[in-house]
Amino acid sequence: MDIKEYFTRISYRGSYDKPDLATLTDIFQHHVRAVPFENLSIHCGESIELDLEVTYNKIVRKKRGGWCMENNNLLSWVLKTLGYNVTLLGSKVYVPEYDAYADEIDHLLLKVVLDDKSYIVDGGFGMAYQMWQPMELISGTDQPQTPGVFRFLEESGVWYLEKVKRKQWVPNQSVSTCHNVEKEVCRRVYLFTLQPRDIEEFRSRNAHLQTAPDSLFVTKSICSLQTADGVRALVGWKLTEIKYNYKDNMDLVEIRILADEEIEKTLKEKFNITLDKKFVPINISRLSLF
């Protein structure tokens, strides 16, 4: 594995000789705009492995994306290689339809310590809840970013991530099935503790999420990528493109349903993804992603 090859993959041309916050933020932003959050392997007959070299080959050399355990495991290697103090953490994702967090840890994120301050770095959540900058680990303080206002709340050693959403302008509202698009202002994202984790602790969950019949990732094919001004996502056949803060503190949400013959071209043109095997889109879960 070669750090310079990774930088070429994410089109990063900045300096990396000083492990500071500015460099961390720059690399992180390049990563989330170059590497999609996606589970397409599940829907084209491939397995998702947690071996770092396999992930490196998939994301860096094959120019694919990955889900949290792939993206953040790779980011951990990148940041450690550059001299950052990195710890793996585990979280439980909030499911709004159930008004509950997952029963078990199902998301990998990173804690980075810089100058006696801790930051959460998560390059593997995707969709509209993807942070664009490392977040300082402080409770109750709004941290505005382009996607919206994020904040952490801490109670008895448990940390909660929330995002305050803008209102959304959906020109073709008829095809939208978003969860409480106008009513929802603050959305819980996940909870976590600061207990250090090892990648081995995620192996069973990694296997479960790609095989369980009721897993969100089995019932939905997902590919999302952050852009210069928003995010685009292909879920099943539905292509959603969001421009953040388009006007009057509103996000523009454009939705289109694709035909089967448009899928391959869209993956290439919108996400820079070319798959080796036949991809079968799916979207049979009622759980929302926005």
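Refer to the structure printed above.
Below or above, wherever it landed, is the structure these notes cover. (Residues numbered from 1 in each chain as written. Predicted model: local features only at pLDDT ≥ 70, side-chain atom pairs only at ≥ 80, totals over all residues. Heavy atoms only, no water.)

1. Notes on the overall build of the chain
Thought 1: For the chain, the count of helices and strands is 7 helices and 15 strands.
Thought 2: Rg of the C-alpha trace for the chain: 18 Å, near the compact-globule value of 19 Å for 290 residues, within the 12% margin.
Thought 3: Projected onto its principal axes, the C-alpha positions of the chain cover 50 × 40 × 35 Å.
Thought 4: Within the chain, the fraction of its 290 residues that count as buried is 55%.
Thought 5: Intrachain contacts of the chain at a sequence separation of at least 6 include 62% that bridge at least 24 residues.
Thought 6: Counting only carbon and sulfur atoms, one obtains 48% of the accessible surface of the chain, whose full area is about 13,200 Å².
Thought 7: If the 37 positive side-chain charges of the chain are averaged to one point and the 41 negative ones to another, these points end up 4 Å apart. (Helix = DSSP H or I, 4+ residues; strand = E, 2+ residues; numbered from the N terminus. Rg over C-alpha atoms; globule rule 2.2 N^0.38 Å. Buried < 20%, exposed > 50% of the residue type's maximum accessible area, 1.4 Å probe, protein only. Contact = heavy atoms within 4.5 Å. Areas by Shrake-Rupley, 256 points an atom, 1.4 Å probe, with all protein chains shown as cover. Lys, Arg positive; Asp, Glu negative; His and termini not counted. Charge placed at Lys NZ, Arg CZ, Asp CG, Glu CD.)

2. A word on the environment of Ile255
Thought 1: By the secondary structure assignment, Ile255 is in strand E15 (residues 250-257).
Thought 2: Overall, the relative accessible area of 6% leaves Ile255 in the buried class.

3. Details of the side chain of Arg64
Thought 1: The topology assignment puts Arg64 in the loop between helix H3 (52-61) and helix H4 (68-81).
Thought 2: In this structure Arg64 comes out as buried when scored by relative accessible area, which is 4%.
Thought 3: Reaching out from Arg64, the side chain makes a polar contact with the side chain of Glu38 at a distance of 2.8 Å.
Thought 4: In terms of polar contacts, Arg64 uses its side chain to reach the side chain of Glu46, at 3.2 Å.
Thought 5: Residues within four places of Arg64 in sequence aside, it is in contact with Arg9, Val35, Pro36, Glu38, Leu40, Ser41, Glu46, Lys58, Ile59, Ile273, Thr274 and Leu275. (Polar contact = N/O pair within 3.5 Å; in protein donor to acceptor, adjacent residues only side chain to side chain.)

4. A short note on H4
Thought 1: Taking 1.5 Å as the rise per residue, H4 with 14 residues should run 20 Å; its terminal C-alpha atoms sit 19 Å apart, in good agreement.
Thought 2: Of all 14 residues that make up H4, 12 are buried, and the element is covered over most of its length.
Thought 3: Within the sequence span of H4, burial applies to Cys68, Met69, Glu70, Asn71, Asn72, Asn73, Leu74, Leu75, Ser76, Trp77, Val78 and Leu79.
Thought 4: Just downstream of H4, Gly83 is the residue with a positive phi angle, here 100°. (Expected span 1.5 Å × (residues − 1).)

5. Details of the pattern of salt bridges
In a structure, side chains of opposite charge can pair up when their charged atoms sit close to one another.
Thought 1: As enumerated under the stated definition, the model contains 16 salt bridges in all.
Thought 2: For the salt bridge of Asp276 with Lys62, the shortest nitrogen-to-oxygen distance reads 3.6 Å. Linking Asp276 in the segment after helix H7 (260-271) with Lys62 in the loop between H3 and H4, this pair joins segments that are 214 residues apart in sequence.
Thought 3: The exposed category is assigned to Asp276, whose relative accessible area is 60%.
Thought 4: The class for Lys62 is partly exposed, based on a relative accessible area of 46%.
Thought 5: Between Glu269 and Lys265 there is a salt bridge whose closest N-O contact spans 4.0 Å. Of this pair, Glu269 and Lys265 both sit in helix H7, 4 residues apart, which is roughly one turn of the helix.
Thought 6: For Lys265, a relative accessible area of 53% puts it in the exposed group. (Salt bridge = Lys/Arg side-chain N within 4 Å of Asp/Glu carboxyl O.)

Without other data, these values stay purely geometric and don't point to any function.
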